[in-house]
Each structure stands twice: as C-alpha cells, then as structure tokens.
Amino acid sequence: MSRALVKSLGRFQTAFRHHGAKRMLLNANSGTSHDIRYNIDMCKCCHSSYMFSRALSVDAAAKVTYEEVKRVGPLVEYERRINAGELEDGDNCQIGTLREIQRLYDELYSSVNACHLDRDSDHGKSARSRWLWSRFMPQSSISPVKGLYLYGGVGTGKTMLMDLFFDQLPCNWRKKRIHFHDFMLNVHTRLQRHKGVSDPLEVVAGEISHESILLCLDEFMVNDVADALILNRLFKHLFCNGAILVATSNRVPDNLYESGLQRDLFLPFISTLKERCIVHEIGSSVDYRRRTSAEEGFYFIQNGTSGFLMHRFNELIGEHTAHPQEAEVLMGRTLQVPLGGNGCAYFPFEELCDKPLGAADYFGLCKNFHTVALDGVPIFGLHNRTAAYRFVTLVDVMYENKARLVCTAEGTPFDLFERIVTVADAHNIAPRTSSRSRKNDDFDLCVDNELGFAKDRTISRLTEMNSKEYLEQHREMIADKRVQTQGDEIGNENMVFA
C-alpha cells in the first residue's frame, strides 16, 4: 500500500473519531484493498447529519481531501444551526469568536495524544499512575495547547458558544463542562476530604486533572476571598498536570476580583491565566436573552401582601399538600424549606437571601425542587448589598439548572439594581449642589464593582427566565428527570425480583 494511501486513511480515521467512530479495522497485510468496518457510537456530541451509514472502501478513502476532513467542528455546526433557523444570522462578533473556538478545536484534535485527551487510550489509563509517580518524582507536563478565555457583555452568547464547542468534542475525551460556582464547591468538598495532607491542593488538582484534562468553566467570576486565595496554587498544579482551560466571563482577566480582600495574593493567578489561555473578547452589542418571545407571567411587581404569591404557589402544587421540608446540601448540611410540595418550594425573600447561605445551599435547593416561589424581592442598595449578592448567586444557580422562578418584587429587574453602580459609573454621576435637595435614595447608592458588573447578567437572566423559550426548556428538563426516575425505579424492581 502506498504511503499516500496510508496518510489519507489516517486523515479519514481522524474524521471518524470526530464523530464518535469507535473502531476502524483495516487489514493491509496483503497488497489488495479491504473494506473498512466501523461502528458509530450514538453520543450526543455527534450530530446525526455527520454520521455515515455505509461501509467505505479504501479507494473511496483515498480520494478524500484534507479540506473535506477538516470541515467539522463548532464553526460547521454553527453554520448548520443558522441554515436550520435555530440561530440568528449576521453577528460578526460571534463569527470571530467561532473562528477562535474552531482554531482551538483543530489544535486539540491534532494533539490528542500529546494532551492525553482520549480516555479510551492507554494515556488516560496511565494518567493516575503518572500523577502518583509525580508525588515522589516531581515533574511538569504542561499541555502544548493553550486554552481560551472568552469575555464579553451580558447576553452575547458566551454560554451558547461554550456549549457548542463542548458538544462537538468526542464523548470519550477527558473533558468536563461545569459552572464556575459548581466547580469551586467541588474543589472545597475535595479539600475537606483531604484535610491533614501536606498539600491538599496538589492532591485535589491531581484528582481533577486525572478525571478531566479539558476544563470548560462557564461564568468565571471571583467574589469570594476563600476562592481567590486558592485559585493561583490550584491552577498552577492543574496546568502542570497538563490541564487545558476554556472559560467564559463578563470580566477581562485584569479586572477579576477587583478591589477584593488580599487581592495582591490573587494577582499571580491572573498572570498564570493569561500565560496559559488566549484571551478573546466577544464584542456584540446584542443581548440575545432579551430577544425571546413574550413574557409568561411568573415575575410579578407586587409591593404588599404575600397572599398573592401564596395563591400562585398553591396553583402550582395542585392537589399536593405543602409542608416544611429539608433539602440536602453538600458536606452533610441541610437547608430548611418553609413550604414544599410537588417539586415546588416557597420562600419569603428574607429566608433565602438574608440568611448566611451560599451557592452550595442554592445548588441543593435546585437539586430537590424544580420551581422556587420567592416572595418580596426588594430594591437593592447599600443597606442590603449582601442580600443582593446572594440573590445574584441564586439566579445564577437557578439559571444553570433550568429551574423556574416565580416571584413578587418591588420593581422590574432593572429597577431592582438601579442603585447598584460600579466605581466608573459613580464617577459619572453628577454631584448635587447645595441648592438642590438631596434625595434619600442617593444615600442608599451602592458602589461595588463586582455587584455592578454582575447586575447586568442578573437582569438579563431574569428576563430570559420569564420567556416561553426558557420555560419550554424547563418543562423538558422536568420530563427528562421523570423518565430517568421511572427507569431507575424499574431497574430497582428488576433487581428485587431477580
């Protein structure tokens, strides 16, 4: 067999690996052509339009050009969705970002073995051994491929582009797509498990990189001092283990954890991040979340009695009886739910956002309840800044889990955060002269960079969470969980009768 033919077959093998082909068998011992036989793995990351349903001969494989093989990945899938009417056309900013994502996609495929991405190969199986050996003989195996840090304004499609990239990768790669809040909760849980070890962060980084070399972290936002203090050492260990980071954020790296406590200890992480990732801005002026269809009526501007929301809550639970419940949270804690029934939970705002709760509590809540009725969301300002932070985190977690929010509030999503401004915004506010009366709400102005940047995302998400499209995704999520639960119950019954 000629060298050119073998080279063409190698390229075709790469193309099949792109779309989940598990095996390709070629008997080339004799000088004649034999059929290539393959099985297609029906993974969600493989789109049906790219699957092949017939055997290919060696002669056919030899005619495939490099450009044809290369026409796979996020950019092609993006074009397919536009042609199918699933996405809007004409956003040059997104196209520019897609080219960066496609470049990373191509680099990863050309460096699969060097990056130890393939879980089914001996590289993935030996990763644990290499890590254990490095505990005795320290060594560095920094990835030859740099990651990607995407940042941009609210609603520019960062999460959609992240998912588009992730879903096009093979299912058998060592990859993980996770919200940044959830990732850090997982890190803290692992640190608790390894308490007493000389360097628990090194152990945690070893475990994470053993499971997933490619880390896709959505909504990278640092506002917790505990997270800020460990990120530098954690990611130094991860990068030394060969980890590749793909992240989305509202903030340019230099503005992460701006004005945070002990930020000087966080600054080395920014340098490491820029060294190991290509930083790219998505500069779209379109907020796609606000271009959804008409509102469904789950956000109510109601400043007064709580009887209205309680009535809606009772409508949602139907014939079920609501009663106080507990939701399991990480590390053995529980969250007290005032009223719960039929997958719905009811909270006065003070119970959920004025108490010392955090992302772990809200993740536990969404794991046990698909709908949250929140009564009395106030206008935020200096007097309730901490509650505003918790509300922002709650909305982030609910949005990530496709949970439904039913709430009464003192104003529109924009009104809730009107008194929250960044330092730059505060400088642009004209001071009142002594001859003019000073409004009371001027004293309640909250100048906070982290909250000021986060508010746009929260306003946008609250708007989308009240749209038909989002609520349809919510219903599909509930249906999928029910099917999964029924399947688990049938499996348990079969085990009993067996």
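Structure report, in brief. These numbers were taken from a predicted model, which means no experiment stands behind them.

## Some points on the packing of aromatic side chains
Okay, step 1: Scanning all chains against the criterion turns up 18 aromatic pairs.
Okay, step 2: Residues Phe-300 and Phe-308 carry aromatic rings whose centres are separated by 4.9 Å and whose planes lie at 80 degrees to one another, so their mutual orientation is edge-to-face.
Okay, step 3: Ring centres of Tyr-399 and Tyr-470 lie 5.9 Å apart, and the angle between their planes is 20 degrees; on these two criteria the pair is classed as stacked. Placement of the pair is Tyr-399 in helix α16 (residues 385-400) and Tyr-470 in helix α21 (residues 468-497), with a sequence separation of 71 residues. Across the pair, Tyr-470 and Tyr-399 agree in class, each one buried.
Okay, step 4: A cation sits over an aromatic face here: Lys-402 above Tyr-399, 5.0 Å from the ring centre.
Okay, step 5: Between the NZ or CZ atom of Arg-404 and the centre of the ring of Phe-298, over which it lies, the distance is 5.3 Å.

## Some details on a nonpolar patch on the surface
Okay, step 1: A contiguous nonpolar surface patch, about 350 Å² in accessible area, is contributed by Val-225, Leu-229, Leu-261 and Leu-265.
Okay, step 2: Take Leu-261: its relative accessible area is 62%, and that puts it in the exposed class.

## Quick notes on the environment of Leu-265
Okay, step 1: Note on placement: Leu-265 falls in the loop between β6 (244-249) and α12 (267-276).
Okay, step 2: The class of Leu-265 is partly exposed, set by a relative accessible area of 45%.
Okay, step 3: Through-space distance from the C-alpha of Leu-265 to that of Leu-229 is 6.5 Å; in sequence the pair is 36 residues apart.

## Focus on the sheet that holds strand β12 (residues 371-377)
Okay, step 1: A sheet is described by the order of its strands in space; here six strands give the open sequence β8-β13-β12-β11-β10-β9, paired in mixed fashion. Strand pairing shows two members of the sheet lacking a second neighbour, β8 (299-301) and β9 (323-328), which therefore form its edges. Sheet twist, expressed as the average angle between the axes of neighbouring strands with direction ignored, equals 30 degrees.
Okay, step 2: Here six bridges tie β12 to strand β13 (residues 404-409), and the two strands are oriented parallel to one another. For Thr-371, the partnering residue across the bridge sits in β13 and is Arg-404.
Okay, step 3: Across the sheet, α16 touches β12 and β13, and the angle it forms with β12 is around 160 degrees.

## Quick look at the pairing of strand β10 (residues 334-341)
Consecutive side chains of a regular strand alternate in pointing toward one face of the sheet and then the other.
Okay, step 1: When β9 meets β10, the two strands line up antiparallel, connected through five bridges. Within β10, the position partnered with His-323 by the bridge is Gly-340.
Okay, step 2: Where β9 folds back onto β10 in an antiparallel hairpin, the turn is made up of five residues, including Met-331, whose phi is positive at roughly 60 degrees.
Okay, step 3: Here β10 folds back onto strand β11 (residues 344-348) in antiparallel fashion, the turn holding two residues, of which Asn-342 has a positive phi close to 55 degrees.

## With respect to the packing of helix α9 (residues 180-193) against helix α11 (residues 225-240)
Okay, step 1: Where α9 meets α11, the closest approach of the two axes is 12 Å, and the angle between their N-to-C directions is 80 degrees. The angle between α9 and α11 places the two elements in the roughly perpendicular class. Facing α9, whose interface residues are Phe-180, Phe-183, Met-184, Val-187, His-188 and Leu-191, α11 presents Ala-226, Asp-227, Ile-230, Leu-231, Leu-234, Phe-235 and Leu-238.
Okay, step 2: Residues of the contact of α9 with α11, tallied by class, amount to 11 nonpolar, one polar and one charged.

## Let's talk about the packing of helix α10 (residues 200-211) against α11
Okay, step 1: Running from amino to carboxyl end, α10 crosses α11 at an angle of 50 degrees, the nearest separation of the two axes being 8 Å. Judged by the angle between their axes, α10 and α11 are oblique. Where α10 crosses over α11, the handedness of that crossing is right-handed. Contacts between α10 and α11 involve Leu-201, Glu-202, Val-204, Ala-205, Ile-208 and Ser-209 from the first element and Ile-230, Arg-233, Leu-234, His-237 and Leu-238 from the second.

## A few points about helix α8 (residues 158-167)
Okay, step 1: Here α8 lies mainly inside the structure; seven of its 10 residues are buried.
Okay, step 2: Turning to α8, its buried residues are Lys-158, Thr-159, Leu-161, Met-162, Leu-164, Phe-165 and Phe-166.

## As for the pattern of salt bridges
Okay, step 1: Applying the stated criterion across every chain, the model contains 24 salt bridges.
Okay, step 2: Glu-351 is the salt-bridge partner of Lys-355, the closest N and O atoms lying 2.9 Å from each other.
Okay, step 3: Residue Lys-355 is classed as partly exposed on the basis of its relative accessible area, which comes to 37%.
Okay, step 4: Look at Glu-351 and you get partly exposed, because its relative accessible area is 31%.
Okay, step 5: Linking Glu-472 and Arg-475 is a salt bridge whose minimum nitrogen-to-oxygen distance equals 3.2 Å. With Glu-472 and Arg-475 both in helix α21, this residue pair falls three residues apart, about one helical turn.

## Focus on unusual backbone geometry
Okay, step 1: Notably, Gln-262 is not glycine yet its phi reads approximately 55 degrees, a positive angle.
Okay, step 2: The residue Asn-342 is not glycine, and still its phi comes out positive at about 55 degrees.
Okay, step 3: A residue is classified by how much of its surface remains accessible, and Asn-342, at 32% relative accessible area, is partly exposed.

## Topic: α12
Okay, step 1: Of the residues making up α12, those classed as buried are Phe-269, Ile-270, Thr-272, Leu-273 and Arg-276. In an axial view of α12, the angular spread of the buried residues amounts to 165 degrees, which keeps them on one side of the axis.

## Let's talk about the sheet that holds β6
Okay, step 1: Read from one edge of the open sheet, five strands run β4-β5-β6-β3-β7, paired in parallel fashion. Either end of the sheet is taken by a strand with one partner, and the two such strands are β4 (175-179) and β7 (277-282). Here the average twist between neighbouring strands, direction ignored, is 15 degrees.
Okay, step 2: Where strand β3 (residues 147-152) and β6 come together, four bridges link them in parallel fashion. Each residue of the ladder has a partner; that of Leu-150, found in β6, is Thr-248.
Okay, step 3: Of the strands in this sheet, β4 and β5 (214-218) touch α9, which is tilted by about 105 degrees from β4.

So, how was this worked out
Residue numbers run consecutively from 1 along every chain, following the written order of its sequence. Predicted model: local features are reported for residues with pLDDT of at least 70 only, side-chain atom pairs are reported and counted for 80 or more only, and whole-chain, interface and lining totals are derived from all residues. Hydrogen atoms and water are omitted, and side-chain values are computed over all heavy atoms in the structure. Two rings belonging to Phe, Tyr or Trp (six-membered ring only in the last case) form a pair when the distance between their centres is within 6.5 Å. Interplanar angles under 30 degrees mark stacking, angles over 60 mark edge-to-face geometry, and anything in between is tilted. Strands are runs of DSSP state E lasting at least 2 residues, helices are runs of H or I lasting at least 4, and numbering of each runs from the N terminus. Burial status follows relative accessibility: with a 1.4 Å probe on protein chains alone, a residue under 20% of its type maximum counts as buried, one over 50% as exposed, and anything between as partly exposed. Consider the ring centre and the ring normal. A charge sits over the ring if Lys NZ or Arg CZ is within 6 Å of that centre and within 35 degrees of that normal. Surface patches are defined over residues having more than 30% relative accessible area and no salt bridge, joining like charges when they lie within 9 Å and nonpolar side chains (Val, Leu, Ile, Met, Phe, Trp, Tyr) when within 5 Å. For the accessible areas, the method is Shrake-Rupley and the probe is 1.4 Å, while residue cover comes only from the protein chains on display. By definition here, a salt bridge exists when the distance from a side-chain nitrogen of Lys or Arg to a carboxyl oxygen of Asp or Glu is within 4 Å. Strand pairing is defined by DSSP finding a minimum of two bridges between the two strands. Orientation is described by axes fitted as lines to C-alpha atoms, over the contacting stretch for helices, and by angles from 0 to 180 degrees between their N-to-C directions. Note on contacts: a residue pair is in contact if any heavy atoms of the two residues lie within 4.5 Å. Note on angle classes: values under 35 degrees are labelled roughly parallel, values over 145 roughly antiparallel, values of 65 to 115 roughly perpendicular, and the remainder oblique. Basically, the charged four are Asp, Glu, Lys and Arg, the nonpolar ten are Ala, Val, Leu, Ile, Met, Phe, Trp, Tyr, Cys and Pro, and anything else, Gly included, counts as polar. Whether a crossing is left-handed or right-handed is set by the direction in which the near helix is turned from the far one by less than a right angle, anticlockwise for left-handed and clockwise for right-handed. The arc in question is the one spanned by the directions pointing from the helix axis to the C-beta atoms.

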